Amino acid sequence: MVKAVEWYTKAAERGYASAQYELGRYYCEIVKDKNNAFFYFKQSADQGNEEAYVCLACCYECGAGTNKDCSLAFKLVREVAEKGCRRGQRVLGLYFKNGIGVDKDAFKMVEWYKKSAEQGDVDAQYNLGCCYKNGDGVGKDFFKAVDWFTKAAEQGGAKAQYNLGNCFFDGLGVEKDFVKAVEWFSRAAEQDNAKAQKALGVCFEFGLGVEKDFVKAVEWFTKAAKQNDATAQYNLGCCYLE
């Protein structure tokens, strides 16, 4: 990492936009230095780096390394989203959902999620699946929810894998199938998704889609409980009383 930062810095000083963006990420995600993160994101964004544009908007949204300015954050994200940046489109959807720099608008939220999802953004696909599952900005449609959860799950999205497992578990938009539910819960649980770990514990406890296995049930409840999932902590307590 030290050598990477050294060479990124040399490239950034020569005006290389991608290096400036990577340095911004380094200071934001690893060092937690908001001022330097903002500095490098802005340098990169000023040269047209679309990912840096989105990160810069998030800095203005949160007041990280600069004064908080949600209107400017919205303007930056909208600009890059309209150019076709799929991450920008997803974040713009979130801004419309939460009313960041703009009035809340569930219909526009869905519109921008869909643009991003159609370009393969895994988080936008998951978000869109949730919209169809909950009827948020669109009519409830469990079939479409399953379709978008599947797209995201197949790309490795843990939250989508968990939700797809739930659809199979409850028979929402698909025929009820505990075996497939366990398959998707397992994929998400292996990525440390606490809800999936808890669900997998339930499956092992009651023999749903798998053979009953009290030891494995305790194992998965423990993993979820250590991530502060209250239901898993309760279930684990019950296991120790048995």
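Heads up: the structure comes first, above all this text.
In what follows, the accompanying structure is described. (Residues numbered from 1 in each chain as written. Predicted model: local features only at pLDDT ≥ 70, side-chain atom pairs only at ≥ 80, totals over all residues. Heavy atoms only, no water.)

1. What to know about the overall build of the protein chain
(1) Moving on: Looking only at helices and strands, the protein chain features 14 helices and zero strands.
(2) Moving on: Here the C-alpha coordinates of the protein chain stretch approximately 65 × 45 × 25 Å along the principal axes.
(3) Moving on: The long-range fraction of contacts in the protein chain, counting pairs at least 24 apart against all pairs at least 6 apart in sequence, stands at 41%.
(4) Moving on: Roughly 12,800 Å² of accessible area belongs to the protein chain as shown, and the carbon and sulfur atoms make up 49% of that amount.
(5) Moving on: Between the mean site of the 33 positive side-chain charges and the mean site of the 34 negative ones, the protein chain shows a separation of 3 Å. (Helix = DSSP H or I, 4+ residues; strand = E, 2+ residues; numbered from the N terminus. Contact = heavy atoms within 4.5 Å. Areas by Shrake-Rupley, 256 points an atom, 1.4 Å probe, with all protein chains shown as cover. Lys, Arg positive; Asp, Glu negative; His and termini not counted. Charge placed at Lys NZ, Arg CZ, Asp CG, Glu CD.)

2. A closer look at the layout of surface pockets
(1) Moving on: Here the largest pocket is characterised by a volume of approximately 230 Å³.
(2) Moving on: Lining the largest pocket are 14 residues; nearest its centre among them are Cys28, Phe41, Cys55, Cys58 and Cys59.
(3) Moving on: Elements with a contribution of two residues or more to the lining of the largest pocket: helix H2 (17-31), helix H3 (34-46) and helix H4 (50-62).
(4) Moving on: Element by element, the count of residues in the lining of the largest pocket is highest for H4, at four residues.
(5) Moving on: Looking at the lining of the largest pocket, its residues break down into nine nonpolar, no polar and five charged. (1 Å grid on protein atoms, 1.4 Å probe; cavity = no way out; pocket = protein on both sides within 12 Å on 5 of 7 lines; lining within 4 Å. Points joined across faces, edges and corners; volume = space filled by probe spheres on them. Nonpolar A, V, L, I, M, F, W, Y, C, P; charged D, E, K, R; others polar.)

3. Some words on a nonpolar patch on the surface
(1) Moving on: Judged by side-chain polarity, Met1, Ile30 and Val31 come together as a nonpolar surface patch covering roughly 300 Å² of accessible area.
(2) Moving on: Along the polypeptide, Val31 turns up in helix H2.
(3) Moving on: A relative accessible area of 37% places Val31 in the partly exposed class. (Patch = residues over 30% accessible without salt bridge, like charges linked within 9 Å, V, L, I, M, F, W, Y side chains within 5 Å. Salt bridge = Lys/Arg side-chain N within 4 Å of Asp/Glu carboxyl O. Buried < 20%, exposed > 50% of the residue type's maximum accessible area, 1.4 Å probe, protein only.)

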